[in-house]
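# Observations on the three-dimensional arrangement
Each chain, letter by letter, is given below.
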Amino acid sequence: MPKSFSWGRTSGNSLISKFLDSKNARVKDATCSKNDLLAELWFGIHPNGTSKVLKSSLNGSSCLVPLPEILMAGGSGNDSLPYLAKILSVDNILSIQLHPDSEQAKVLNKLNSKEYPDISSKPEMGIALGELTLLCGFRTLRDCAFVFLNHPGFRSLRQAGLIKTQVISSSDIQENTLRELIREILDLSEEAINVFASSSFLEIRKDEYDEIAYQAYNYLLRLDPGMVILYFLNLFHYSKGEAIYIPPGVPHAYVYGELFECMKCSDNVVRGGLTGKYVDSENFSRLFVLDEINPKINPIIKCNGVLTFKHKGLPFVVTSIEGNQTGYEFPDNGSPQIIVVTAGNGYISLENERYYFQAGNAFLLNNPDSHYVITGDSLTLFHVTEGNSVTE
């Protein structure tokens, strides 16, 4: 299920176009043109878009069947998956956002079911498909205070009387003070944000934060409180194959790059700027966590180009397969599995059957009693299956 958003990439620059162009895709849909800005490609079941499976019959004909029907026909007794897999192609920064944990989601859903439509948490894992830039988690209180006291944009806001929150020194700031400051920034008018921007990224760009804020301005074509908030966030860079985990409560925004993402199915997003959608200043400033975070996670299995990633906070396990494979066998855990191929070509073997694949293909493996074997050349392939229980 392809999705077009304004932060996506043009067809020629997006990995997603390989999937739209592929004639051999096993999971496919045609609701998005390759001429659109290609932002996301979904594999799974979601209220806003469910994948369809290309099913062949004995007479040689084929048809697209909704994924839930295929799951039920496979004898699992379930027409859903606990995860949604995606490919993201990011050309412009996404909104700054965080996701509530399960208990917080229940409260938000009760108070505002339009913006928070379910009662689930939304932890997520991402694996870089190339160079990837991410803003994630607040910097330390001391660092946030230093930025607030010394950055020329914040100095201009204070001098103009547009910020009331008081910070005396970088060693003086408390958690509640930062929460008050974030709430105040999110409620600033565009005129007030212009005071900040005119003293910083619109006039002179000294570092990567200034460049990101300036690029966001050129992309949104307006000033936004997220262009102020982002200076308080950590900046990370990742290379192809590196994986990250983003738990509930951690503010984040992908800045640039492409990644394979897998998340627990939920639509609960608490936004904190850089978006035309609803910005919930009250709950964003209340729910963000201040724990020091390093999003990178290491594989639990690492051999012959096969890396397996899991985390206690995720209800799924992701395995990435790189390079040449002469016969890798997927473990059988009795649940449906999804395979997404982003590079290379090869075969999936199932007992006496063999299926060819190439970059741009995706498969649903829905025979729990069978063993699947992968062979192929120059592969980049992702395998997702159920695993773990969610712990928050």
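Residues numbered from 1 in each chain as written. Predicted model: local features only at pLDDT ≥ 70, side-chain atom pairs only at ≥ 80, totals over all residues. Heavy atoms only, no water.

### With respect to the environment of Phe19
Mapped onto the elements of the fold, Phe19 is located in helix α1 (residues 16-21). As a C-alpha pair, Phe19 and Ala362 span 343 residues in sequence and 8.3 Å in three-dimensional space. In this structure, Phe19 is in contact with Leu41, Phe43, Ile87, Val340, Val341, Thr342, Gly360 and Asn361, ignoring residues within four places of it in sequence. (Helix = DSSP H or I, 4+ residues; strand = E, 2+ residues; numbered from the N terminus. Contact = heavy atoms within 4.5 Å.)

### Notes on the side chain of His252
For His252, the position within the fold is in strand β12 (residues 252-264). Residue class for His252 comes out buried when judged on its relative accessible area of 2%. Among the polar contacts listed, one links the side chain of His252 to the backbone oxygen of Val250, at a separation of 2.9 Å. (Buried < 20%, exposed > 50% of the residue type's maximum accessible area, 1.4 Å probe, protein only. Polar contact = N/O pair within 3.5 Å; in protein donor to acceptor, adjacent residues only side chain to side chain.)

### What to know about the pairing of strand β20 (residues 362-365)
Burial along β20 is two-sided: the residues Ala362 and Leu364 and Phe363 and Leu365 are all buried. The pairing of strand β18 (residues 337-350) with β20 spans four bridges and is classified as antiparallel. For Ile339, the partnering residue across the bridge sits in β20 and is Phe363. (Pairing = 2+ DSSP bridges.)

### Digging into the packing of aromatic side chains
Following the criterion strictly, the structure yields 16 aromatic pairs and no others. Between Phe5 and Trp7 the ring centres are 5.7 Å apart and the planes differ by 20°, which places this aromatic pair in the stacked class. With a relative accessible area of 29%, Phe5 lands in the partly exposed category. Judged by centre distance (5.5 Å) and plane angle (65°), the ring pair of Tyr347 and Tyr356 falls under edge-to-face. Classification of Tyr347 by relative accessible area gives partly exposed; the value is 29%. Through a chain of ring-to-ring contacts, the aromatic side chains of Phe148, Phe154, Phe196, Phe201, Tyr209, Tyr231 and Phe232 assemble into a single cluster. One Lys or Arg, Arg158, reaches over the ring of Phe148 and ends 5.0 Å from the middle of that ring. Lying over the aromatic face of Phe288, Arg179 brings its terminal NZ or CZ to 4.3 Å of the ring centre. (Phe/Tyr/Trp six-rings, centres within 6.5 Å; stacked < 30°, edge-to-face > 60°. Lys NZ or Arg CZ within 6 Å of the ring centre and 35° of its normal.)

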